[in-house]
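The residues making up each chain are set out below.
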Amino acid sequence: MRRIETSSAPDGLGWNRDTATLVLLSFAMLIVSLDQYIVVVALPDIARDLGYSAQTLQSVIIAYAVVSAGFLLFGGRAGDLLGRRRILATGLGLYAGAALAGGLATGPEMLLAARAVQGLGGALVFPTTLALINTTFAEGRLRNRALGVWGGAGAAGLVIGVLLGGILTRVFGWEAVFLVNVVLAGPALLLAFVLIPPDGGRDRGRKFDLPGALSVTLGVTLIVFALVQGPGWGWLSPGILVSAVAGVLLIAVFAVVERRSDDPLMPPRLLANRNLITGVAIAFMFMATFGSVLYFLSLYFQEILGYDALQTGAGFLIPTAVVVAGSTTAGHLVTRFGLRGTLIAALAVGALGAVGLGLAISPHGAYAELIPGLVALSIGDGIVFTAMFIAAATGIPDRDQGIASGIASTGSGVGAAVGLAVLVLVATAGLDGLSGEQLRIATADGISTTLFVVAGGIALTLLVALTRCPTPTDPVPTPVPYQTRRC
C-alpha cells in the first residue's frame, strides 16, 4: 500500500483515499473496542431473560475476552502472510454474523458461542487495522496523527460501549447491544473492498508457522481463561490449575518451536526492538489499570448510586468526550514533545485522576464529586492509548507490522485479564456474609480501594516509560516525517 509522505494541509493529513481509509480503519477499531463493554449494563436483563445465574453471568464478558486475547497474535500474523484486506474483511464478517446470532440467542449456550466468535472477529480486526495504518502512513508526524485518530476511536469505544449499551438496553432491550454491531460492521465490511487496495499474491518464501501459531494461541487462551475465571472458581480449583499449567507449557513449546523455525511467527529481531517491548509493557499495564476502571465505575453507578442502564450510560458522557479529545491530540503531542515526555505527563495526570476518584467514591457520594477525577483519568487514558501504539510501531518494517501489532494488542488483552482478575479480588475482599446496607457500604469501600490500587499501577507504568523509553538524541523535525527516531 502506498505511503503518504505529504499532506494538503500544513498540520493535517489532508483528504484523499488514504485518509478515507483511515476513517474506515478507525471506525472498525471503534466497533471492536466498544463491544468489550457494551454488554456490561445489559447483563441484568440478559440474566433474567436467558436464565443465567449470578455465578455464570460474567461468562458473557469472559467468552469474548478469552478468545479475543488468545487469537490476536494469530490475527496479526495472518494479515502479514495472507493479506490484510482479506483478514480485515474476514474479521468484520465474523463480527457481524456473530452479532446477529447473539441478538437472536434464545439460551446461554447460543449467546456464549456468539460472543466467542465475536472475540475471534475482534482478534482479526484489531491488529489488522493497526498494521494497515502503520503501512499506509510514513513513520513520524503523519503516522502519529493517523494513530491519534485511530487511537481516539479505540479508546473512546471502551467508554462509548457503556454509554451506547445503556441507551440501547433501556430503549430496545438487551438484544440491541448485539444487533447494533450488524448495522455497524456490515457497511464497514463493504467499504473495506472499496477503499483498501487488493492484497498482492502471497510471498511463497514465507511460512505461516502453524505449530507456533497453534501453541501460542492455545497457550495464551488458557492462561487468560485461568486469570479471568480464577476469582470465581478459586485459584486452586482443578480447572484453573490445569488451564494455567497447560497454558504455560504451551508457551514453552512455542518458544522451542520459534527457535527451530526458519520463518518464526515472532521473529527474534522484533523482540530486540526496544520500542516494541516498551509499547507492549505499557499496553499491558494500561489495560490492567485504565482499562479496568470502566467495569468498577459501572458497578458503582448501578449498585451504589442506584442508576438504571440509561443513567449509567449517561454517566460516561464526560469521560467519553475527554478520552476522544486526548487520543486524537496524542499524535500531535508526541510529535512536538516526544514520546517519553508525552507518556510521563499523561500517566502522571491519570494517576492523580485515579486517586481523585478513589477519594470521591463513597456509599453516599454524588456524581458531581467524581467529575474532577474522571476528567483527569480520561485525559491520561486517551493520550496513553494512542502513544503506546506509536511506540510499538516505531522502527518495525512493513512486512512485520501485522505481527508487531498482534504482539502489542496481545499485551493489552492479557493486561485486561490480569488487571480485572487482581482488582476484582481487591474490590470484593471482605464482602462474604454481608447483605443489605452493610454490603452496599463495603462494596463502595472496596471500589474506592481498587481505584487507589489502579493509581499505584499507573505510577509503575510511569516508571516503565521513564526508564525504558529513551529521549531521542536528535532534535525532533517539525513538518518533515522522520524514519529513524527512537522512542
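Computed from a predicted structure; not experimentally measured.

Chemist: Summarise the overall build of the protein; cite the residues concerned and give the values.
Modeler: When helices and strands are counted, the protein shows 17 helices and zero strands. A globule of 487 residues ought to have a C-alpha radius of gyration of about 23 Å, and the protein, at 21 Å, matches this closely. C-alpha atoms of the protein, sized along the principal axes, occupy 60 × 45 × 40 Å. By the burial criterion, 58% of the 487 residues in the protein qualify as buried. The long-range fraction of contacts in the protein, counting pairs at least 24 apart against all pairs at least 6 apart in sequence, stands at 84%.

Chemist: Describe in detail the pattern of salt bridges, supporting the description with residues and values.
Modeler: In total, this model carries eight salt bridges according to the counting rule given. Of the charged contacts in the structure, one is a salt bridge between R48 and D49, with a shortest N-O distance of 3.5 Å. R48 gets classed as exposed once you look at its relative accessible area, which sits at 57%. Of the charged contacts in the structure, one is a salt bridge between R170 and D308, with a shortest N-O distance of 2.7 Å. Separated by 138 residues along the polypeptide, R170 in helix α6 (residues 141-172) and D308 in the loop between α11 (274-304) and α12 (309-314) bring together distant segments of the chain. Judged by its relative accessible area of 49%, R170 falls in the partly exposed class. Where salt bridges share partners, they join D45, R48 and D49 into one cluster.

Chemist: Hey, could you go over the side chain of T278 for me, with residue numbers and the actual values?
Modeler: Of note, T278 is situated in helix α11. Separated by 2.9 Å, the side chain of T278 and the backbone oxygen of R274 make a polar contact.

Chemist: Explain the confidence of the model for the protein to me, using residue names and the numbers behind them.
Modeler: Parts of the prediction with low pLDDT should not have their coordinates interpreted in detail. Within the protein, residue pLDDT values average 85, and 91% of them lie at 70 or more. For residues 1-11, every residue scores under 50 in pLDDT, and the model assigns this stretch 35 contacts once sequence neighbours within four places are set aside.

Chemist: Before we move on, could you go through the environment of A101 and cite the residues and values that matter?
Modeler: Residue position: A101 is located in helix α4 (residues 84-103). Using a relative accessible area of 25% as the deciding quantity, one classes A101 as partly exposed. As for A101 and T394, which are separated by 293 residues in sequence, their C-alpha atoms are 39 Å apart. Once you skip the residues sitting within four places of it in the chain, A101 turns out to touch M110 and A114.

Chemist: Talk me through helix α15 (residues 367-393); I want residue IDs and the actual numbers.
Modeler: With 27 residues, α15 ought to run about 39 Å at 1.5 Å a step, and its terminal C-alpha atoms sit 38 Å apart, in line with that. Counted residue by residue, α15 has 21 buried out of 27 residues, so it is predominantly covered.

Chemist: Go over the packing of helix α13 (residues 317-337) against α15 with me, naming the residues and quoting the values.
Modeler: At a minimum axis separation of 7 Å, α13 and α15 run at an interaxial angle of 35°. Where α13 crosses over α15, the handedness of that crossing is right-handed. Facing α13, whose interface residues are I318, P319, V322, V323, G326, S327, A330, G331, L333 and V334, α15 presents Y367, I371, L374, V375, S378, I379, D381, G382, I383, T386, A387 and I390. Residues of the contact of α13 with α15, tallied by class, amount to 15 nonpolar, six polar and one charged.

Chemist: An account of a nonpolar patch on the surface is needed here, citing residue identities and associated values.
Modeler: A cluster of nonpolar residues, L100, L104, M110 and L179, forms a patch on the protein surface that exposes about 330 Å² of accessible area. Take L100: it is sitting in helix α4.

Chemist: For the packing of aromatic side chains, give the residues involved together with the corresponding values.
Modeler: A full pass over the atoms with the stated rule returns 15 aromatic pairs. Ring geometry for F126 versus F389: centroids 5.8 Å apart, planes at 65°, classification edge-to-face. Of this pair, F126 sits in helix α5 (residues 108-136) while F389 sits in helix α15; the two residues are 263 residues apart in sequence, bridging distant segments of the chain. Look at W150 and F389: their rings are 5.1 Å apart centre to centre, the planes differ by 90°, and that puts the pair in the edge-to-face class. Residue W150 is located in helix α6, and its partner F389 is located in helix α15; the two are separated by 239 residues in the primary sequence. For the pair formed by W150 and F389, the shared burial category is buried. Through pairs of rings, three or more aromatic residues link up here, namely F126, W150, F286, F290, F385 and F389.

Parameters and conventions
Residues numbered from 1 in each chain as written. Predicted model: local features only at pLDDT ≥ 70, side-chain atom pairs only at ≥ 80, totals over all residues. Heavy atoms only, no water. Helix = DSSP H or I, 4+ residues; strand = E, 2+ residues; numbered from the N terminus. Rg over C-alpha atoms; globule rule 2.2 N^0.38 Å. Buried < 20%, exposed > 50% of the residue type's maximum accessible area, 1.4 Å probe, protein only. Contact = heavy atoms within 4.5 Å. Salt bridge = Lys/Arg side-chain N within 4 Å of Asp/Glu carboxyl O. Polar contact = N/O pair within 3.5 Å; in protein donor to acceptor, adjacent residues only side chain to side chain. pLDDT = per-residue confidence, 0-100. Expected span 1.5 Å × (residues − 1). Axes fitted to C-alpha atoms, helices over the stretch in contact; angles between N-to-C directions. Left-handed = near helix turned anticlockwise from the far one by under 90°. Nonpolar A, V, L, I, M, F, W, Y, C, P; charged D, E, K, R; others polar. Patch = residues over 30% accessible without salt bridge, like charges linked within 9 Å, V, L, I, M, F, W, Y side chains within 5 Å. Areas by Shrake-Rupley, 256 points an atom, 1.4 Å probe, with all protein chains shown as cover. Phe/Tyr/Trp six-rings, centres within 6.5 Å; stacked < 30°, edge-to-face > 60°.

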